[in-house]
Amino acid sequence: MPDELAQKVIQCIAETQHLEPEKITVDSTFEELGIDSLDGINILFALETEFDISIPDDAAQSIRTVREMVEGVAKLVAEKDTPESPAQGSD
Amino acid sequence: MSPRRVAVTGLGAICAIAHDCGELREALRDGRSGIRPIELVDRTRLRFPNGAEVTGYRPEDHFEPKEASMVDRFAQFAVIAAREALGQAGIEPSSDLLRKATIVSGSCIGGQTTEDEGFVDLYLKGRPRISPMIIPKTMANAGASRISLEYGVRGPVYTVATACSSSNHAIGQAFWSVRQGTAELAIAGGSEATFSMGILKAWEAMRVVSPETCRPFSKDRSGLILGEAGAMMVLEPLEAAKARGVPVLAEITGFGCSSDAHHLTQPTVEGPAMAIEMALADAGVESGQIGYINAHGTGTAANDPTETAAIRQVFGSGADRLVVSSTKSMHGHTLGAAGALEAVSTILAIRAGFFPPTINYSAPDPRCDLDVVPNEARPGTAENAMSNSFAFGGLNAALVLHFGAD
């Protein structure tokens with residue numbers, strides 16, 4: 001798992017939730033962090049903006065931990081960086 | 001069995017001339033103006049430079065940072081006013097009294113300031129996505145719902161949207177609900193946060209906003225001045241208030257509402273007159289028993305003479321003995337919050353023994369020939385008072401207040 005990306009995800013969570021980033025690790029669960037469903041979509045919005053990715057609804061519903069979130073974002077970022085990827089966009 | 005009497009036991013307000021009811025009472029007594037150059041948006045893009053903004057407002061003084069980010073300014077104002085009103089009524093969060101209480105709030109535009117910002121991102125900046133908080137922040141019931149969450153109110157909670165009559169209707173509904181025994185406690189009022197570029201440009205297009213200030217009933221009046229506010233009151237059966245030992249600030253004794261069925265924006269005399277008559281009948285008082293009216297008094301060309309004619313139609317020659325004023329001259333037209341802010345202002349002023357002035361009044365208009373308390377508050381009292389609100393869409397509402405139950 002790339003540390004830099006994980007740190008960026010944690011930063012997004014911290015800013016959205018008004019939490020100290022030091023209190024969040026990749027092993028934190030949403031339950032531990034007090035992140036409810038509305039908080040979750042706020043974080044997804046922040047991640048989509050930060051990484052310029054589009055997170056599908058089904059993925060959004062299944063993520064329950066910071067680790068899953070980091071892995072999901074890493075996958076979408078990797079797809080975006082692949083030239084043939086449809087997620088790249090034409091312009 | 002005679003219907004229950006309904007007491008007002010708590011008041012709350014935040015607006016351009018005050019951050020709480022103590023400040024509001026003194027501002028009304030002093031005839032202080034909250035009309036100033038608009039700061040919240042770039043006023044150089046507007047034909048009118050002035051508004052009645054809540055200045056010196058810092059959300060972090062009232063809300064945790066995360067909560068502040070999830071609640072639009074209009075809903076924050078509703079919560080702040082409700083906290084003050086409930087505090088005065090001696091009601092703590094999660095109190096048993098709140099379990100089956102009702103909240104009826106009024107708002108004209110809801111969180112459209114949030115929506116406006118989101119749409120700037122979407123349409124102007126070409127962003128591919130906008131915040132998921134736009135929906136829950138924009139909904140007109142956001143203020144009512146937030147109060148319910150904070151205080152544990154589980155009874156009927158809803159929001160009335162009747163443009164500039166919204167919170168007059170809201171208080172009327174809550175009053176009827178307590179009087180008929182549907183609710184043992186009500187939190188009622190309204191809130192509005194008016195200052196976003198989209199909203200202001202839309203009002204500009206209506207050509208009813210003054211390029212200078214708000215001069216209700218004055219011959220040189222040139223339109224309304226937009227304002228923002230939150231205002232709430234706590235209502236409960238008079239006997240319950242006495243049993244709890246809390247001061248009764250006023251009674252609400254009557255409510256009337258009507259529709260012009262005439263035009264989207266042109267007022268009629270008959271519609272407002274009917275609402276006033278219905279409110280008097282609901283209160284069981286004769287027109288001659290009313291001593292003061294807090295007028296809708298927007299300062300527009302159309303409203304003030306029409307309202308004068310409606311008052312004259314109902315009160316006849318008694319209209320010459322009435323004291324009438326428009327506090328919009330001080331706190332601006334706060335749209336969906338107007339009815340509540342003006343009812344709260346009426347209670348504060350009458351209890352303190354004065355009639356609030358219509359400021360910025362410079363010359364009599366024969367078509368607005370009422371005693372409008374020009375420019376300076378006047379000592380005096382009234383056993384019964386009214387507060388009028390009339391809305392675009394032809395919707396009229398009037399409340400009757402009674403003083404002396406304590």
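These figures come from a predicted structure and were not determined experimentally.

Enquirer: Which residues make up the overall build of chain B, and what values do they have?
Expert: Assigned secondary structure in chain B consists of 14 helices and 14 strands. Taken over the C-alpha trace, chain B has a radius of gyration of 20 Å; the compact-globule value for 406 residues is 22 Å, and the two agree within 12%. The C-alpha extent of chain B, read off along each of the three principal axes, is 60 × 50 × 40 Å. By the burial criterion, 60% of the 406 residues in chain B qualify as buried. Pairs at least 24 apart in sequence give 78% of the contacts found in chain B among residues at least 6 apart. A total of about 14,800 Å² of accessible surface is found on chain B, and carbon and sulfur atoms cover 52% of it. In chain B, the 35 positive side-chain charges and the 44 negative ones have mean positions that sit 3 Å from each other.

Enquirer: Go over the side chain of Asp39 of chain A, please, and point to the residues and values.
Expert: As for its position among the elements, Asp39 of chain A is in helix α3 (residues 37-51). Look at Asp39 of chain A and you get buried, because its relative accessible area is 1%. Contacts of Asp39 of chain A, omitting those with residues within four sequence positions, involve Gln17 and Gly34 of chain A together with Lys66 and Met70 of chain B.

Enquirer: Residue-level account of the environment of Arg179 of chain B, with values.
Expert: Residues and elements named next belong to chain B. Tracing the backbone through its elements, the reader meets Arg179 in helix α8 (residues 166-179). As a C-alpha pair, Arg179 and Arg4 span 175 residues in sequence and 5.0 Å in three-dimensional space. Setting aside chain neighbours within four positions, we find Arg179 in contact with Pro3, Arg4, Val6, Thr253 and Asp282.

Enquirer: Could you give me a rundown of the side chain of Glu342 of chain B, with the residues and numbers involved?
Expert: Residues and elements named next belong to chain B. Here Glu342 is to be found in helix α14 (residues 338-351). Within the local environment of Glu342, its side chain forms a polar contact with the side chain of Lys328, the two groups lying 3.0 Å apart. Not counting the four nearest positions on each side in its chain, Glu342 is found in contact with Asn294, Ala295, Thr327, Lys328, His331, Ser387 and Asn388.

Enquirer: Which residues make up the environment of Gly404 of chain B, and what are the values?
Expert: Residues and elements named next belong to chain B. With respect to the helices and strands, Gly404 occurs in the segment after β14 (395-402). Assessed through its relative accessible area of 61%, Gly404 is described here as exposed. For the pair Gly404 and Gln289, spaced 115 residues apart in the sequence, the C-alpha separation amounts to 13 Å.

Enquirer: Just give me the short version of the pattern of salt bridges, but keep the residues and values in it.
Expert: All names here are of chain B. In total, this model carries 29 salt bridges over all chains according to the counting rule given. The partner of Arg58 in a salt bridge is Glu60, and the shortest N-O contact between them spans 3.8 Å. When its relative accessible area of 45% is taken as the criterion, Arg58 is described as partly exposed. The exposure class of Glu60 is exposed, given its relative accessible area of 51%. Asp320 is the partner of Arg312 in a salt bridge, and the nearest nitrogen-oxygen pair spans 2.8 Å. On the basis of relative accessible area, Arg312 is assigned to the partly exposed category, the value being 23%. What emerges from the salt-bridge pattern is a single network uniting Arg25, Glu26 and Arg29.

Enquirer: Mind laying out the nonpolar core, listing which residues take part and the relevant values?
Expert: Residues and elements named next belong to chain B. Residues Leu11, Leu24, Met233, Leu235, Ile252, Val344 and Ile347 are the most contacted members of the largest nonpolar core, which totals 51 residues. Top contributing element to this core by residue count: α14, with eight residues. Setting aside residues up to four positions removed in sequence, Leu24 forms contacts with Ala13, Cys15, Ile17, Ala18, Leu341, Val344, Ser345 and Leu348. By size, the runner-up hydrophobic cluster in this structure holds 31 residues, among which are Ala81, Ala101, Ile103 and Met232.

Enquirer: How would you explain the packing of aromatic side chains if you had to name every residue and give the values?
Expert: Residues and elements named next belong to chain B. Tallying each qualifying case throughout the model produces five aromatic pairs over all chains. Aromatic side chains Phe119 and Tyr123 sit 5.6 Å apart centroid to centroid with 55 degrees between the ring planes, which places their arrangement in the tilted category. Of the two residues, Phe119 and Tyr123 are both situated in helix α5 (residues 112-124); the distance of four residues between them amounts to about one turn of the helix. Under the relative-accessibility criterion, Tyr123 is labelled exposed at 63%. A ring pair is formed by Tyr292 and Phe355, whose centres lie 5.7 Å apart and whose planes are at 25 degrees; its orientation type is stacked. Here Phe355 lies in strand β11 (residues 354-355) and Tyr292 lies in strand β9 (residues 290-294), a separation of 63 residues in the sequence. Like Phe355, Tyr292 is buried.

Enquirer: Just give me the short version of unusual backbone geometry, but keep the residues and values in it.
Expert: Leave glycine aside and you will find that most residues have negative phi; peptide bonds, for their part, are mostly trans. All names here are of chain B. In the Ramachandran plot, Ala163 falls in the positive-phi region, its phi being about 50 degrees despite a non-glycine side chain. Within the fold, Ala163 resides in the loop between β5 (157-160) and α8. In this structure, Phe217 takes a positive phi of about 65 degrees despite not being glycine. With respect to the helices, strands and loops of the structure, Phe217 is situated in the loop between α9 (197-206) and β7 (229-237). By relative accessible area, Phe217 is classed as buried at 0%.

Enquirer: How would you summarise the interface of chain A and chain B if you had to cite specific residues and measurements?
Expert: If you look at the interface, chain A gives 13 residues, while chain B gives 10 residues. Summing both partners gives a buried area of about 920 Å² for chain A against chain B, and 62% of it is carried by carbon and sulfur. At the boundary of chain A and chain B, one finds two salt bridges. Residue Lys66 of chain B pairs with Asp39 of chain A through a salt bridge whose shortest N-O separation is 3.0 Å. If you look at where chain A meets chain B, you find three residue pairs in polar contact (both at pLDDT 80 or more). Per-element tally for the side of chain A that touches chain B: the top contributor is α3 of chain A, with seven residues. Along the lines of polarity and charge, the residues of the side of chain A that touches chain B split into four nonpolar, seven polar and two charged.

Enquirer: Give a detailed account of empty space enclosed by the protein, specifying residues and quantitative values.
Expert: Residue and element names in this part refer to chain B. Applying the stated rule across the entire model yields one cavity of 30 Å³ or more. By volume, the largest cavity amounts to about 30 Å³. Around the largest cavity, the lining residues are Phe74, Ala78, Ser105, Gly106, Ser107, Ala140, Gly143, Ala144, Gly190 and Ser191. Of all the secondary-structure elements, those providing two or more residues to the lining of the largest cavity are α3 (73-88), β4 (102-106), α7 (142-151) and β6 (186-192). Of the residues that constitute the lining of the largest cavity, the class distribution is four nonpolar, six polar and no charged.

Procedures and definitions
Residues numbered from 1 in each chain as written. Chains lettered and ligands numbered in written order. Predicted model: local features only at pLDDT ≥ 70, side-chain atom pairs only at ≥ 80, totals over all residues. Heavy atoms only, no water. Helix = DSSP H or I, 4+ residues; strand = E, 2+ residues; numbered from the N terminus. Rg over C-alpha atoms; globule rule 2.2 N^0.38 Å. Buried < 20%, exposed > 50% of the residue type's maximum accessible area, 1.4 Å probe, protein only. Contact = heavy atoms within 4.5 Å. Areas by Shrake-Rupley, 256 points an atom, 1.4 Å probe, with all protein chains shown as cover. Lys, Arg positive; Asp, Glu negative; His and termini not counted. Charge placed at Lys NZ, Arg CZ, Asp CG, Glu CD. Polar contact = N/O pair within 3.5 Å; in protein donor to acceptor, adjacent residues only side chain to side chain. Salt bridge = Lys/Arg side-chain N within 4 Å of Asp/Glu carboxyl O. Core = buried A, V, L, I, M, F, W, Y, C linked by side-chain atoms within 4.5 Å. Phe/Tyr/Trp six-rings, centres within 6.5 Å; stacked < 30°, edge-to-face > 60°. Buried area = accessible area lost by both parts, 1.4 Å probe. Nonpolar A, V, L, I, M, F, W, Y, C, P; charged D, E, K, R; others polar. 1 Å grid on protein atoms, 1.4 Å probe; cavity = no way out; pocket = protein on both sides within 12 Å on 5 of 7 lines; lining within 4 Å. Points joined across faces, edges and corners; volume = space filled by probe spheres on them.

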